Amino acid sequence: MKTATCFTSTSTFNTKIPFSSSLLLHSRALRTTNSQLPSTLSLTNINNKLPKNSTHLLPLRFRALVASEHRQLSSTQLVAQEKVGVLLLNLGGPETLEDVQPFLFNLFADPDIIRLPRLFRFLQKPLAQFISVARAPKSKEGYASIGGGSPLRQITDAQAQELKRALWSKDVPANVYVGMRYWHPFTEEAIEQIKKDGIEKLVVLPLYPQFSISTSGSSLRLLESIFREDEYLVNMQHTVIPSWYQRDGYVKAMADLIQKEIEKFDDPRKVVIFFSAHGVPLAYVEEAGDPYKAEMEECVDLIIEELEKRKITNSYTLAYQSRVGPVEWLKPYTDETIIELGRKGVKNLLAVPISFVSEHIETLEEIDVEYKELALKYGIEKWGRVPALGCEPSFISDLADAVIESLPYVGAMAISNIEARQSLVPLGSVEELLATYDSKRRELPSPVTVWEWGWTRSAETWNGRAAMLAVFVLLVLEVTTGQGFLHQWGILPLFR
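Residues numbered from 1 in each chain as written. Predicted model: local features only at pLDDT ≥ 70, side-chain atom pairs only at ≥ 80, totals over all residues. Heavy atoms only, no water.

Draft legend 1. Main features of the packing of helix H10 (residues 248-262) against helix H15 (residues 393-406). Contact geometry of H10 with H15 gives a least axis separation of 8 Å together with a crossing angle of 170°. Judged by the angle between their axes, H10 and H15 are roughly antiparallel. Seen from H10, the contacting residues are Gly249, Tyr250, Ala253 and Asp256; seen from H15, they are Ser394, Phe395 and Asp398. Its residues assigned to classes, the contact of H10 with H15 shows three nonpolar, two polar and two charged. (Axes fitted to C-alpha atoms, helices over the stretch in contact; angles between N-to-C directions. Helix = DSSP H or I, 4+ residues; strand = E, 2+ residues; numbered from the N terminus. Parallel < 35°, antiparallel > 145°, perpendicular 65-115°, else oblique. Contact = heavy atoms within 4.5 Å. Nonpolar A, V, L, I, M, F, W, Y, C, P; charged D, E, K, R; others polar.)

Draft legend 2. Quick look at the sheet that holds strand S8 (residues 382-385). Taking strand neighbours across the sheet as the criterion, the four strands line up as S6-S5-S7-S8 in an open arrangement whose pairing is parallel. The open sheet has two free edges, formed respectively by strand S6 (316-321) and S8, since each of these has just one partner strand. This sheet shows a mean twist of 25° between the axes of neighbouring strands, independent of strand direction. Helix-sheet contacts for H10 involve strand S5 (272-278), strand S7 (348-353) and S8, and the interaxial angle to S7 is about 155°. (Pairing = 2+ DSSP bridges.)

Draft legend 3. Spatial organisation of the pairing of strand S1 (residues 84-90). When you tally the buried positions in S1, you get seven out of seven residues, the bulk of the element. Neither face of S1 is open: one carries Val84, Val86, Leu88 and Asn90, the other Gly85, Leu87 and Leu89, and all of them are buried. Judged from the six bridges that link them, S1 and strand S3 (residues 201-206) form a sheet pairing that is parallel. The residue of S3 that forms the bridge with Val86 is Val203. Sheet topology places S1 next to strand S2 (residues 175-180); six bridges connect them, and they run parallel. Bridged to Leu89 within S2 is Gly179. (Buried < 20%, exposed > 50% of the residue type's maximum accessible area, 1.4 Å probe, protein only.)

Draft legend 4. The confidence of the model for the chain, seen in detail. Looking at the chain, the pLDDT average stands at 78 and 67% of residues meet or exceed 70. Below a pLDDT of 50 lies the segment residues 412-426, which in the model reaches 74 contacts outside its immediate sequence neighbourhood of four places, other chains included. Note on residues 491-496: pLDDT is under 50 here. Beyond four places in sequence and across chains, it has seven contacts. (pLDDT = per-residue confidence, 0-100.)

Draft legend 5. Inspection of the nonpolar core at higher detail. Counting 87 residues, the largest nonpolar core has Leu167, Tyr250, Phe275 and Ile354 as its most contacted members. Residues in contact with Ile354, not counting those within four places in the same chain, are Gln210, Tyr250, Met254, Phe275, Ser276, Ala277, Met296, Cys299, Val300, Ile303 and Leu318. Counting 19 residues, the second-largest nonpolar core is a separate cluster that includes Leu87, Ile199, Ile226 and Leu233. (Core = buried A, V, L, I, M, F, W, Y, C linked by side-chain atoms within 4.5 Å.)

Draft legend 6. Layout of unusual backbone geometry. Residue Pro185 follows His184 across a cis peptide bond; omega there is -10°. If you trace the backbone, Pro185 turns up in the loop between S2 and helix H7 (187-196). Backbone torsion omega between Lys331 and Pro332 reads 0°, so that peptide bond is classified as cis. In this structure, Pro332 sits in the loop between S6 and helix H13 (334-343). In this structure, Asp171 takes a positive phi of about 65° despite not being glycine. Relative to the helices and strands, Asp171 resides in the loop between helix H6 (152-169) and S2. Even without glycine at this site, Lys311 takes up a positive phi of about 70°. Relative to the assigned elements, Lys311 resides in the loop between helix H12 (292-309) and S6. A residue is classified by how much of its surface remains accessible, and Lys311, at 73% relative accessible area, is exposed.

Draft legend 7. Just the sheet that holds S3, in detail. Spatial ordering of the open sheet is given by S2-S1-S3-S4, a layout of four strands whose pairing is parallel. Sheet topology places S2 and strand S4 (237-240) at the edges, where each strand pairs with a single neighbour. Neighbouring strand axes in the sheet, compared pairwise and without regard to direction, differ in orientation by 20° on average. Across the sheet, H15 lies against S1, S3 and S4, angled at about 140° from S3, the strand it touches most.

Draft legend 8. Inspection of the packing of aromatic side chains at higher detail. Tallied over the full model, the rule gives five aromatic pairs. Measuring from centroid to centroid gives 6.2 Å for Trp183 and Phe186, while their planes differ by 70°, and the two rings are edge-to-face. Exposure remark for Phe186: the relative accessible area of 18% places this residue in the buried category. With 5.8 Å between their ring centres and 40° between their planes, Trp244 and Phe395 make a pair best called tilted. Here Trp244, found in the loop between S4 and H10, pairs with Phe395, found in helix H15; they are 151 residues apart in sequence, far enough to count as distant. With a relative accessible area of 1%, Phe395 lands in the buried category. Ring-pair connections join several aromatic residues into one group, and the members of that group are Trp244, Tyr250 and Phe395. (Phe/Tyr/Trp six-rings, centres within 6.5 Å; stacked < 30°, edge-to-face > 60°.)

Draft legend 9. Structural view of the side chain of Ser216. Turning to its location among the elements, Ser216 is positioned in helix H8 (residues 213-228). Look at Ser216 and you get buried, because its relative accessible area is 0%. Excluding residues that lie within four positions of it along the chain, Ser216 makes contacts with Pro206, Tyr208, Gln210, Phe211 and Pro242.

Draft legend 10. Here's a closer look at helix H14 (residues 361-377). Within H14, the axis deviates most sharply at Ile367, by approximately 35°. Here H14 has its buried residues at Ile361, Glu362, Thr363, Leu364, Glu365, Glu366, Ile367, Asp368, Tyr371, Leu374 and Ala375. Along its buried surface, H14 packs onto helix H5 (124-145), S5, S6, H13, S7 and S8. Phi turns positive, to about 100°, at Gly379, one or two residues after H14. (Bend = angle between axes of the 7 residues up to and from the residue.)

Written out as structure tokens, the structure reads:
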């Protein structure tokens with residue numbers, strides 16, 4: 001049996017991965033809010049001050065912090081009598097070229113990725129099959145260029161091993177499991193192993209620093225459906241750490257990597273730090289209330305503050321990559337920003353993959369190959385890239401601390417000290433967190449939440465999609481039956 005090895009060098013794989021916008025406060029305003037709040041919060045105190053069913057109106061960093069009374073329990077006392085598990089959640093990736101098409105099918109079959117109106121949800125899997133087959137050849141080229149498959153599973157397995165080692169060294173003998181959303185080991189497989197091992201307390205830790213409906217939210221909804229159908233899981237206490245971008249350990253680990261790479265340039269002071277995050281459709285943020293953009297911007301602010309403490313005051317920018325399809329995604333786009341920086345005369349650029357903690361196709365191929373070539377084409381002379389965190393010791397140690405801090409509150413939502421950012425762990429059960437991100441306690445909302453007819457933005461979106469779908473169905477019928485108005489008019493035979 002192979003032992004997973006964690007890679008932190010970017011070259012290792014080159015030889016062959018409705019919140020109102022008015023409530024999404026700027027990071028510095030949030031830190032001001034921190035000092036005005038008490039050191040502990042209770043669910044009763046907060047609910048007395050809020051309208052009914054309005055927990056979602058809390059500031060972004062505290063919506064998941066409505067709490068039971070603070071309990072002083074040491075991690076050693078807590079785990080002495082019970083079996084503790086940690087479930088790491090990640091996207092997953094094809095390990096061979098043959099895995100690419102079925103992986104893409106699993107991805108596009110997720111309603112959090114392709115969101116069809118309720119009337120057409122029966123087409124989810126047929127549409128996913130069509131798209132996955134169409135996109136597979138180009139995707140295979142990308143995976144072939146990084147060695148024939150994604151290293152994500154190998155790296156995540158190594159992170160799990162290192163996290164387990166760190167927890168045991170801190171007197172918390174917990175088992176660590178890996179559950180992928182779209183490829184092996186699937187989340188369902190990890191849950192089965194958790195049941196076999198008799199885990200009694202579970203900490204769910206998505207390996208996404210920032211929360212998004214399309215990543216952590218999708219995994220939480222899957223877990224909710226699994227938990228609801230299994231009596232063992234219903235009775236098992238658990239908590240979820242939905243995002244952890246604000247932890248000191250993570251921020252300092254990112255700053256360490258940036259400082260190390262920036263010192264490799266001939267003139268470090270002239271380097272522009274280029275944060276590149278995975279994008280999401282704009283509608284997720286503006287219409288579905290996804291907090292991803294606000295959390296990403298705050299994350300960058302925290303890292304820049306840490307760099308400034310080290311006398312590193314370089315210019316920086318944030319952009320979003322990996323957009324797909326004709327819809328508008330979060331802006332600015334990474335490729336357009338690189339072109340703009342080149343035209344403005346920037347000569348030294350350091351790319352920082354800010355939403356990724358493991359190397360995979362988006363870092364090894366999209367950033368290292370596509371964006372580097374684009375940068376050099378438009379006048380950037382020196383290109384650098386910060387590696388993903390991988391198994392960076394300080395990062396793994398901080399994840400272990402986050403798990404330990406959450407253990408006294410398994411089964412409840414709480415905080416230990418709201419004024420100490422290092423110990424800030426926004427906790428909650430799967431059900432509670434889904435309620436936090438959807439006040440109606442239903443599934444996470446679609447980017448366009450209502451099917452409307454008439455001259456509205458929602459109506460234009462869905463009416464257009466319905467029309468496109470109707471044209472697509474008619475075209476399929478024409479091709480498969482050989483009959484229809486295109487054949488009668490003599491148009492379709494021209495394409496045979």
